[in-house]
Amino acid sequence: MTVLSELPELHAALLQGAVTVGTAAFCWLLYARYRRGYVLWWSVAWTLYVFRIGAIVAFLATQQQPWLFVHQIFTGFTALALLWAAFAFSQSVTWERWYVLAMAFPLVWSYVAIYHLQSFLLAAVPAVLFLSFATLWTGRVFFTQWRRSGSRGAAVLAAVLCAWGLHHLDYPILRAKGAWNPWGYYLDILFVLAMGIGMVILVLEELDRRTGELTRLSSRMVRQQEDERRRVSLELHDQTAQVWAAVKMQLGLAREAAPPPVAARLDRALDLVDAGIRSIRSVTTHLRPPLLDDLGLVPALRALVHGFAEETHLAITFDAAEPLPAVSDDAALALFRALQEALSNVARHSAATEVSVRLAVTKGELTLVVRDNGHGFKHLTAHTPYLPPTPSSTPQTGRSTYDPRPSNPTGLSGMRERISALRGSVDVHNDSGALVTVRVPLDSPPPPHVR
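This is a predicted model, so every value here is computed, not measured. (Residues numbered from 1 in each chain as written. Predicted model: local features only at pLDDT ≥ 70, side-chain atom pairs only at ≥ 80, totals over all residues. Heavy atoms only, no water.)

What the chain contains, in helices and strands, is 12 helices and 7 strands. Out of the 451 residues in the chain, the part that is buried amounts to 42%. Long-range pairs, those at least 24 residues apart, make up 68% of the contacts in the chain between residues at least 6 apart in sequence. Summed over all atoms, the accessible surface of the chain reaches about 24,500 Å², with 62% contributed by carbon and sulfur. (Helix = DSSP H or I, 4+ residues; strand = E, 2+ residues; numbered from the N terminus. Buried < 20%, exposed > 50% of the residue type's maximum accessible area, 1.4 Å probe, protein only. Contact = heavy atoms within 4.5 Å. Areas by Shrake-Rupley, 256 points an atom, 1.4 Å probe, with all protein chains shown as cover.)

Now the structure itself:
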């Protein structure tokens, strides 16, 4: 039976158990979401800590020594699980056979201390030293990680674990004599909550790091794609187009000396060669706009709008603030590609007749706004990758018909990848048609490279 003097300790233990159950559940949810090895060991450690609290509650309620024995075992196993979680996070150690001895110590010593030793100090001191050493070692692992990477989560965990490890040492002197009762439980609750804060910071930092790595990889892929576009464009311009020009010249010479029936066929061949040369020039312009390199952003955008209006028979207006402030090559190229993709989507999917394009400087940003009078995006939200359908055009009216069949999924998602690499944003929604707004900071750095 529980005596009245033990009720505050029992209540404090129950409160600690509730906090620890929440911590363990949170860790298991994290592991289910991210599947990281060190999060698994955190989950195991706090689950063992829940069993530890359950054993001490059972001991306080029944005063039966087997519960105290179970409590001591789970205390040692919890410390070892937290230590291994730190090793798993830092990837600084591999499994060794002698670690089995460390795992056996809580079991063996708890049995000897509780059932065979009469001296309290002799029973408590080795167990306390083992627990404190394991906790301080765990703190040291995170301290090393903090020194190596500057992780704030590792710094918080290192500070909490070192303080907790030192706090374990007062057990034979103060806590076992009731000096901390029930305040020792409340202090342990603070340690548990502080550990939870450190774990959250650590996980968020790793997610940020992984997101940064994905961003750098995406930027590298975009840069490689542009380099390949430039290479193919130069090859088509310098080699393939020159070959077609030479073929045209030879056909022209042959046509002058050919009889009328053959001359008619050569005229047809010359027309086909002209069409091929125009096609090559169009492809080279789309692959790598020469005006962007030669004259700058605004002339390149104006030429793009003019050429697109001629091809699609759409009424397109272009308004740009001039003179523009200095724009990096990467930002200029990203805005050019964004307008290219936006106009392409209008021609393919919107059934629009009018498009307005505006380039302005607002609050330290370059803002590109493309608005059309079509039916808008039927299957798109502002944060969903666009799955553009396959269009069919009606040249007589200059309008594009909407075909709901799925097509290439790289349109607006590719635009977002380019712009986000420059710390910009792409906003897409319906406003009496489709409205695409692209923002790029004027001080945007070049996309980072993956080494």
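Before going further, it helps to spend a moment on a nonpolar patch on the surface. A contiguous nonpolar patch, built from F120, L121, V125, L129, L166, L169 and Y171 and spanning about 610 Å² of accessible area, is present on the exposed surface. Sort the elements by how many residues they give to the nonpolar patch and helix 5 (residues 120–149) lands first, with 4 residues. Along the polypeptide, Y171 turns up in the loop between helix 6 (152–168) and helix 7 (183–257). A relative accessible area of 32% places Y171 in the partly exposed class. (Patch = residues over 30% accessible without salt bridge, like charges linked within 9 Å, V, L, I, M, F, W, Y side chains within 5 Å. Salt bridge = Lys/Arg side-chain N within 4 Å of Asp/Glu carboxyl O.)

So, on to the side chain of S90. By secondary structure assignment, the location of S90 is in helix 3 (residues 65–90). Take S90: its relative accessible area is 10%, and that puts it in the buried class.

Once that is clear, we can look at the packing of aromatic side chains. A complete count under the given rule lists 18 aromatic pairs for this structure. With 5.5 Å between their ring centres and 40° between their planes, F51 and F74 make a pair best called tilted. Taken together, the residues F51 in helix 2 (residues 37–62) and F74 in helix 3 connect sequence positions 23 residues apart. Ring centres of W164 and F191 lie 5.3 Å apart, and the angle between their planes is 20°; this geometry places the pair in the stacked category. Taken as a pair, W164 in helix 6 and F191 in helix 7 lie far apart in primary sequence, 27 residues in all. A relative accessible area of 4% means that W164 is categorised as buried. Residue class for F191 comes out buried when judged on its relative accessible area of 12%. Put simply, the rings of W84, F87, Y99, F133 and W137 pair up and form one aromatic cluster. (Phe/Tyr/Trp six-rings, centres within 6.5 Å; stacked < 30°, edge-to-face > 60°.)

Let us look at helix 4 (residues 99–115). Compared with an ideal rise of 1.5 Å per residue, which puts 17 residues at 24 Å, helix 4 spans 25 Å between its outermost C-alpha atoms and is within 8% of the ideal. The largest bend in helix 4 comes to about 35°, at F105, with the proline P106 one to four residues further on. Every buried residue of helix 4 is accounted for by Y99, P106, W109, S110, A113 and I114. (Expected span 1.5 Å × (residues − 1). Bend = angle between axes of the 7 residues up to and from the residue.)

A few words on the pairing of strand 2 (residues 354–362). Where strand 1 (residues 315–320) lies against strand 2, 6 bridges are found, and the strand directions are parallel. Residue F318 lies in a different strand from strand 2, and its bridge partner there is V357. Taken together, the 8 bridges between strand 2 and strand 3 (residues 365–372) define a ladder with antiparallel strand orientation. Looking across to strand 3, one finds that R358 is bridged to V369. Hairpin connection between strand 2 and strand 3: a loop of 2 residues separates the two successive antiparallel strands, and K363 in this loop has a positive phi of roughly 50°. (Pairing = 2+ DSSP bridges.)

This part is about the sheet that holds strand 7 (residues 434–441). Strand order in the open sheet made by the 5 strands is 1-2-3-7-6, with mixed pairing throughout. Each end of this open sheet is capped by a strand with a single partner; those strands are strand 1 and strand 6 (425–430). Mean inter-strand twist for the sheet, computed between neighbouring axes without regard to direction, equals 10°. Along the sheet, helix 10 (residues 297–312) makes contact with strand 1, strand 2 and strand 3, crossing strand 1 at roughly 170°. Helix 11 (residues 329–350) contacts strand 1, strand 2, strand 3 and strand 7 of the sheet and is inclined by roughly 10° relative to strand 3. (Axes fitted to C-alpha atoms, helices over the stretch in contact; angles between N-to-C directions.)

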